[in-house]
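Per-entry structural report
Each chain, letter by letter, is given below.
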There are 2 protein chains.
Amino acid sequence: MVTLKDIVAAHDRIAPFIHRTPVLTNKSLNELSGAELYFKCENFQKAGSFKIRGATNTVELLNQNELDRGVATTSSGNHGAALSMAVSRRNGNTQVVMPHNTPKIKVRNVERNGGQVIWCEPDQTSRENVLKDLVSKTGSTVVHPYNDERIVMGQGTAGKELIEDFPDLDAIISPVSGGGLLSGTLISAQGLNPKIKVYGAEPIEADDTFLSLKKGEIVANKTIDTICDGLRAQIGTITFPIIQSYVQEIITLTEEEIVESMKMIWERMKIVVEPSCSITLSAVLKSRELFRGKKVGLIISGGNVDLEHLPW
Amino acid sequence: MVTLKDIVAAHDRIAPFIHRTPVLTNKSLNELSGAELYFKCENFQKAGSFKIRGATNTVELLNQNELDRGVATTSSGNHGAALSMAVSRRNGNTQVVMPHNTPKIKVRNVERNGGQVIWCEPDQTSRENVLKDLVSKTGSTVVHPYNDERIVMGQGTAGKELIEDFPDLDAIISPVSGGGLLSGTLISAQGLNPKIKVYGAEPIEADDTFLSLKKGEIVANKTIDTICDGLRAQIGTITFPIIQSYVQEIITLTEEEIVESMKMIWERMKIVVEPSCSITLSAVLKSRELFRGKKVGLIISGGNVDLEHLPW
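What counts and what doesn't
Residues numbered from 1 in each chain as written. Chains lettered and ligands numbered in written order. Predicted model: local features only at pLDDT ≥ 70, side-chain atom pairs only at ≥ 80, totals over all residues. Helix = DSSP H or I, 4+ residues; strand = E, 2+ residues; numbered from the N terminus. Buried ≥ 20, exposed ≤ 12 C-beta atoms within 10 Å, placed from the backbone. Pairing = 2+ DSSP bridges. Contact = placed C-beta atoms within 7 Å. Nonpolar A, V, L, I, M, F, W, Y, C, P; charged D, E, K, R; others polar. Axes fitted to C-alpha atoms, helices over the stretch in contact; angles between N-to-C directions. Least-squares fit on C-alpha atoms with pLDDT ≥ 70 in both. Core = buried A, V, L, I, M, F, W, Y, C linked by C-beta atoms within 7 Å. pLDDT = per-residue confidence, 0-100. Right-handed = clockwise from strand over helix to strand, strands pointing away.

1. A short note on unusual backbone geometry
Residues and elements named next belong to chain B. Of note in the backbone geometry, asparagine 91 takes a positive phi value of approximately 60° without being a glycine. By the element assignment, asparagine 91 lies in the loop between helix H5 (78–89) and strand E4 (94–99). Backbone geometry at lysine 270 places phi at a positive 60°, although glycine is not the residue there. Mapped onto the secondary structure, lysine 270 falls in the loop between helix H12 (255–269) and helix H13 (275–286).

This is the structure in structure tokens:
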């Protein structure tokens, strides 16, 4: 299993290539929630999301032969853009399998960072099949968006920075999709200050992690009909055991709750965030009693929103 | 005329009650413009705009008798909210005359800060008549949104902070409406580093300052049919002479240019800004040759945007 030591090494490896993102606070949202909220703003990260952390860590660890064969992945967008950026920096080529309903900004982000988009249908089976076909033809090196220890190590550096900046947090809430960010955050918190309780926030419309924890084994998403285009993936075999070991609870949210908190953050904090991370604020507001009077870190994972199609 | 010394005194007076806002940079907008851009982010300011600076300075200078009579103003919104906040802190009452087409968020901001909204028609004459009626009935103390030296002193503190943080700027661009922000910025730059060239950015659809400079005397706006709801006011008798003395040039922009730069800032910087200040980026992009290779400060004056009515 990934350890804090691995995350520290990953942080040293990627630090020259990423931003140390700021942590913002907001008086009016503190008053509204009754908690002290610390927003770790990965929407200001390179390529617009935390994904550059894991992607850079993994690409830096590829040998020249792996890189020369080309790099491929499936992605709802943010991982694809981040991977393209990390691979382009090493002068390699990236192919990104993306569902055709991906927001335009995420498609442009892949292309702007030198990646090539390969379209698939918006479901897990099509994603995997198109990728498999691609790899069998090209022999390229696959960098999975989350189910890879090198990715988990990289994503854990966001939580590490947050805890370094605010060591006495009572809780951290991370969105959960494939589980890379949540599992990395769990290992960082466990290693740096095990008193910090770490929660996952997940849409009810794609609540596989919630259901998997309940059942004690991985169960598939029944629907992925959520506005959170970054939270439609299926929890991974590498990330799930970490979550099972350490997570406090998965808080599940309705689409309405997610959109409402997204608008609140835009209006009051004047920052552009995806619904895939405003969900962490929804979790605080839904479980108000749990967080009242507590210092709570929220991982604002990304800001790549299609401005032409806002959900209000 | 207001001096740097006045602005320094105003800054000391208001510092406990305002944020020292961050200055952000963005690699992709630097590449696009060919300049080094420094965004002074007053969208993160208290009440969502720079207006709290002038309002706080003025309200702090009111005597108890002036405060007790109640405070009144006309405002497209940001000054009204800021004034309400500053007056509420001194336990006074504020009445704000606002055009009925003001974005909802600006109305809510006034009310949230303890102000009372009085409606008027969206033109200068109606604004002034409704205010005059109000004052003749209530005897309240009027705090004008810009044509007041105490306001100019306060607004000048934004430019002062920017120059303190980046003393070797080649240029600063400020939006211009009634002229409080631009004239304050001019005096700060003139006093701190007269080598800095200060420009105004103004919508073609409300270009009274551009025309007034050309004519050598104040001329009225012919239209105020601009998306920039913060830039519809008429240049003032106190602010105009300062602008006449020191401004480099007023750059005028089309509505299309303003909306395009607004979207660029949201998409690339992940911050919510008003069209009334994205106009400064439009000015850089329109006058590219003027700013190529230069260090340019842009005053991002506010972030109070009605998310239900975005211009794209």
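2. Structural notes on the pairing of strand E9 (residues 249–253) of chain B
All names here are of chain B. Most of E9 sits inside the fold, with 4 of its 5 residues counted as buried. Across 5 bridges, strand E8 (residues 197–203) lies against E9 in parallel orientation. Within E9, the residue paired with proline 203 across the bridge is leucine 253.

3. Examining the interface of chain A and chain B
Counting residues at the interface gives 14 residues for chain A and 14 residues for chain B. For the side of chain A that touches chain B, the element with the highest residue contribution is helix H12 (residues 255–269) of chain A, accounting for 3 residues. Partitioning the side of chain A that touches chain B into residue classes produces 7 nonpolar, 3 polar and 4 charged.

4. Considering the sheet that holds strand E10 (residues 295–300) of chain A
Residue and element names in this part refer to chain A. If you walk across this open sheet you meet the 6 strands as E1-E2-E10-E7-E8-E9, and the pairing is mixed. Edge strands, defined here as strands with exactly one partner in the open sheet, are strand E1 (23–24) and strand E9 (249–253). Its contacts with the sheet place helix H9 (residues 180–192) against strand E7 (171–175), strand E8 (197–203) and E10, and it is angled at close to 160° to E7. Sheet contacts for helix H10 (residues 208–215): E8 and E9; angle to E9, the most-contacted strand, approximately 140°.

5. Thoughts on the relation of the copies chain A and chain B
Take chain A, turn it by 180°, move it 0.0 Å along the axis, and it overlays chain B with an RMSD of 0.0 Å. Within this description, the copies of the chain are treated as partners about a two-fold rotation axis. Ranked by how close their C-alpha atoms come to the rotation axis, the residues of chain A are headed by A:Ile271, at 2.1 Å.

6. Some thoughts on the nonpolar core
Counting residues in each nonpolar core, the largest one holds 182 residues, and the members touching the most others are A:Val296 and B:Val296. Setting aside anything within four residues of it in sequence, one finds B:Val296 in contact with B:Ala35, B:Glu36, B:Leu37, B:Tyr38, B:Leu169, B:Asp170, B:Ala171, B:Ile173, B:Val284 and B:Phe291.

7. A closer look at the environment of A:Ile235
Residue and element names in this part refer to chain A. Within the secondary structure, isoleucine 235 sits in the loop between H10 and helix H11 (239–246). Given 29 C-beta atoms within a 10 Å radius, isoleucine 235 is considered buried. Between the C-alpha atoms of isoleucine 235 and alanine 220, which are 15 residues apart in sequence, the distance is 8.2 Å.

8. A short note on the confidence of the model for chain A
Confidence along chain A averages 96 in pLDDT terms, with 100% of residues attaining 70 or more. Overall fold confidence (pTM) sits at 0.95, and the ipTM for the predicted complex is 0.94.

9. Here we look at the pairing of strand E4 (residues 94–99) of chain A
Residues and elements named next belong to chain A. Across the 6 residues of E4, 6 count as buried, placing the element largely inside the fold. Relative to E4, strand E3 (residues 71–74) runs parallel, the two being bridged by 4 bridges. Within E4, the residue paired with alanine 72 across the bridge is glutamine 95. Once you follow E3 into helix H5 (residues 78–89) and on to E4, the crossover reads as right-handed. Pairing between E4 and strand E5 (residues 115–120): 6 bridges, direction parallel. When the bridges of E5 are listed, methionine 98 appears paired with tryptophan 119. The parallel pair E4 and E5 is bridged by helix H6 (residues 104–112), and the resulting crossover is right-handed.

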